[in-house]
Amino acid sequence: MTDGARQRSSTSGSSKDAAGEKESGGGEVALKKEIGLVSACGIIVGNIIGSGIFVSPKGVMENASSVGVALIVWIVTGIITAIGALCYAELGVTIPKSGGDYAYVKDIFGGLAGFLRLWIAVLVIYPTNQAVIALTFSNYVLQPLFPTCFPPESSLRLLAAVCLLLLTWVNCSSVRWATRVQDVFTAGKLLALALIIVMGLVQICKGEYYWLEPANAFEPFQDYDVGLIALSFLQGSFAYGGWNFLNYVTEELVDPYVNLPRAIFISIPLVTFVYVFANIAYITAMSPQELLASNAVAVTFGDKLLGVMSWIMPISVALSTFGGVNGSLFTSSRLFFAGAREGHLPSLLAMIHVKRCTPIPALLFTCLSTLLMLCTSDMYTLINYVGFINYLFYGVTVAGQIVLRIRQPDLHRPIRISLIWPVIYLLFWAFLLIFSLYSEPLVCSIGLAIMLTGVPVYFLGVYWDNKPQCFDAFVDKMTYLGQKFCVVVYPATSTSAGSGEQGEEGEEMKEATAPLSKEEGDNQKSADC
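Quick notes on the rules
- Residues numbered from 1 in each chain as written.
- Predicted model: local features only at pLDDT ≥ 70, side-chain atom pairs only at ≥ 80, totals over all residues.
- Heavy atoms only, no water.
- Helix = DSSP H or I, 4+ residues; strand = E, 2+ residues; numbered from the N terminus.
- Buried < 20%, exposed > 50% of the residue type's maximum accessible area, 1.4 Å probe, protein only.
- Contact = heavy atoms within 4.5 Å.
- Areas by Shrake-Rupley, 256 points an atom, 1.4 Å probe, with all protein chains shown as cover.
- pLDDT = per-residue confidence, 0-100.
- Core = buried A, V, L, I, M, F, W, Y, C linked by side-chain atoms within 4.5 Å.
- Patch = residues over 30% accessible without salt bridge, like charges linked within 9 Å, V, L, I, M, F, W, Y side chains within 5 Å.
- Salt bridge = Lys/Arg side-chain N within 4 Å of Asp/Glu carboxyl O.
- Axes fitted to C-alpha atoms, helices over the stretch in contact; angles between N-to-C directions.
- Parallel < 35°, antiparallel > 145°, perpendicular 65-115°, else oblique.
- Left-handed = near helix turned anticlockwise from the far one by under 90°.
- Nonpolar A, V, L, I, M, F, W, Y, C, P; charged D, E, K, R; others polar.

Draft legend 1. Structural context of the overall build of the protein. Looking only at helices and strands, the protein has 23 helices and two strands in total. Counting the 529 residues in the protein, one finds 55% classified as buried. Pairs at least 24 apart in sequence give 81% of the contacts found in the protein among residues at least 6 apart. When the accessible surface of the protein is summed, it comes to about 22100 Å², and 66% of that surface belongs to carbon and sulfur atoms.

Draft legend 2. Representation of unusual backbone geometry within the structure. In this structure, Cys357 takes a positive phi of about 60 degrees despite not being glycine. Turning to its location among the elements, Cys357 is positioned in the loop between strand E1 (352-353) and helix H16 (360-374). A residue is classified by how much of its surface remains accessible, and Cys357, at 0% relative accessible area, is buried. Even without glycine at this site, Val487 takes up a positive phi of about 55 degrees. Position of Val487 among the secondary structure elements: in the loop between helix H21 (469-486) and strand E2 (488-489).

Draft legend 3. Highlighting the confidence of the model for the protein. Put simply, the protein has an average pLDDT of 82, and 86% of its residues get 70 or more. Contacts of residues 1-26 to residues separated by more than four positions or lying in other chains number 52 contacts, the stretch itself having pLDDT below 50. Below pLDDT 50 for its whole length, residues 495-529 participates in 55 contacts with residues either more than four positions away or in separate chains.

Draft legend 4. Summary view of the nonpolar core. Judged by nonpolar contacts, the single largest core of 139 residues is most densely connected at Ile196, Leu246 and Tyr425. Counting residues per element, this core draws most heavily on helix H12 (residues 256-285), which supplies 15 residues. Ile196 has contacts with Phe54, Ala278, Ala281, Tyr282, Ala298, Phe301 and Met313, leaving out every residue within four places of it along the chain. Core analysis: the second largest hydrophobic core is formed by eight residues, Cys172, Met351, Leu363 and Cys486 among them.

Draft legend 5. Molecular detail of a nonpolar patch on the surface. Residues Val308, Met309, Trp311, Ile315 and Leu319 make up a contiguous nonpolar surface patch of roughly 510 Å² in combined accessible area. Mapped onto the fold, Met309 is located in the loop between helix H14 (297-305) and helix H15 (312-341).

Draft legend 6. Quick look at the packing of helix H8 (residues 153-173) against H16. At a minimum axis separation of 10 Å, H8 and H16 run at an interaxial angle of 175 degrees. In terms of orientation, H8 lies roughly antiparallel with respect to H16. On the side of H8, the interface is formed by Arg157, Ala160, Ala161, Leu164, Leu165, Thr168, Asn171 and Cys172, while H16 contributes Ile360, Leu363, Leu364, Cys367, Thr370, Leu371 and Leu374.

Draft legend 7. Summary view of the packing of helix H5 (residues 67-94) against helix H11 (residues 226-239). It is at 9 Å that the axes of H5 and H11 come closest, and there the two elements cross at 50 degrees. The pairing of H5 with H11 is recorded here as oblique in orientation. In terms of crossing hand, the pair formed by H5 and H11 is right-handed. Contacts between H5 and H11 pair Val73, Trp74, Val76 and Thr77 from the former with Ser232, Phe233, Gly236, Ser237 and Ala239 from the latter. Considered class by class, the residues forming the contact of H5 with H11 number five nonpolar, four polar and no charged.

Draft legend 8. The environment of Gln289, seen in detail. With respect to the helices and strands, Gln289 occurs in helix H13 (residues 288-293). Residue Gln289 is classed as partly exposed on the basis of its relative accessible area, which comes to 43%. In the structure, Gln289 is positioned 227 residues away from Glu62 in sequence and 9.1 Å away in space, judged by C-alpha atoms. Beyond its immediate stretch of four places on either side in the chain, Gln289 contacts Trp211 and Phe221.

Draft legend 9. View of the pattern of salt bridges. Evaluated as defined, the whole model comprises 12 salt bridges. Arg176 is paired through a salt bridge with Glu34; the nearest N and O atoms lie 3.5 Å apart. With Arg176 in helix H9 (residues 175-205) and Glu34 in the loop between helix H1 (15-19) and helix H2 (37-48), this pair connects stretches of sequence that are 142 residues apart. Owing to a relative accessible area of 18%, Glu34 belongs among the buried residues under this scheme. With a shortest N-O distance of 3.3 Å, Glu342 and Lys106 are connected by a salt bridge. Of this pair, Glu342 sits in the loop between H15 and E1 while Lys106 sits in helix H6 (residues 101-109); the two residues are 236 residues apart in sequence, bridging distant segments of the chain. Assigned by exposure class, Glu342 and Lys106 land together as buried.

Draft legend 10. Quick look at the side chain of Glu251. Among the secondary structure elements, Glu251 is positioned in the loop between H11 and H12. Filtering out sequence-adjacent residues up to four positions away, Glu251 remains in contact with Leu31, Lys33, Pro96, Lys97, Ser98 and Arg341.

Dropping the structure here:
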């Protein structure tokens, strides 16, 4: 810690202040463990199920070329996602740090690899995704006010900004508030999807299952093409995006060794079930051609079957996206918090509020970067460019599990899965990655170029130790001003717990969170090479 940044000691502050804090030793401030099993499931399900299943699940259908193949794609990608989540479950309890795949890649492969994962997330992935979800929310809220035309672009962006600011305030105020919002809106979207599934079952009972009969389900509405089917698997994999978000908040989980794997085992099968049966329900009310022609499949479905209650569907989409913004803000801010704690982002982002114990600087940074992205017109283009890189790091992380098994076979692992599972995941991942490079080489190349811009930033900002004194003094001053403005301090580490009953758990945590890459054992600079 630099001299310019103040850290709260165990003797500082009044007893009244200390009473409201999460203590891990004396009066030190630390992240609160307030995420139970239900909230953990809400984070995973809420982040995976955004607006896509309501608005445009047609990406898989149009490339699969038939209803039957599309349903197979949804099932297979769900299974592959579950396998990837199993791998992340082992990594999450072996390296129980917040930050998810960034933390795992950094500890296993070293600082530069971890920084590049963080760089692409900070620069593009999370700001653009959050901005798009917020814009979808504002579009569905404002559409009833403009029944004959599209809402003005300025009003869409303004309402999206209001949504982001409101949810940032909620997340800054309390972890419990943020998780309650996530729980409520996840339950709301699941109820809406349950209504869709029930309506589909009613349609089947009425005999409306023409496109589900095997003879018709595999009747292609366009010629089968291996390239298009591969693309449908890629679209399906993206639809399950968000399955790894719980790993970003590991340190705030109650009993992470139990609740992290349990939440994964509950949530991924639930999402797979919902995705498959929602698509079955859609096809009972619409032909494949009608589904592909619709810009909002759930709304069209509601218009056909719900009659005067058809307003439920656009409201459901709005609620779903509102919860999606909250979940993304909550998890992405923890990624930036973890990056700052490792020295890869400004140290101010690694601080938490002295009473609320929330990472306010990281949340404000996340909100500001998303608001800036709302001001651009190239969000969707950027998402296309970096989607490939995001998927690339999923495979790198799972490969790291195998590397860690070889490098440290005796490392304590509360969960230990068979290596056949990461191998299966990597084979599927390599297939999609190679196909992506083959089908869209320019887009993938631009994505790689954007990622590689982080290399000079890493060497100048992280690796270079002997920066000019005036620069260090300026950074210290800005950090101190930021601390005063946000009322934040460095949190106590989870390994500093001094109570007798926590001693054994503290030792396990200390061992588990120890640097894993060889260079981290020497000093911080060599760790970041």
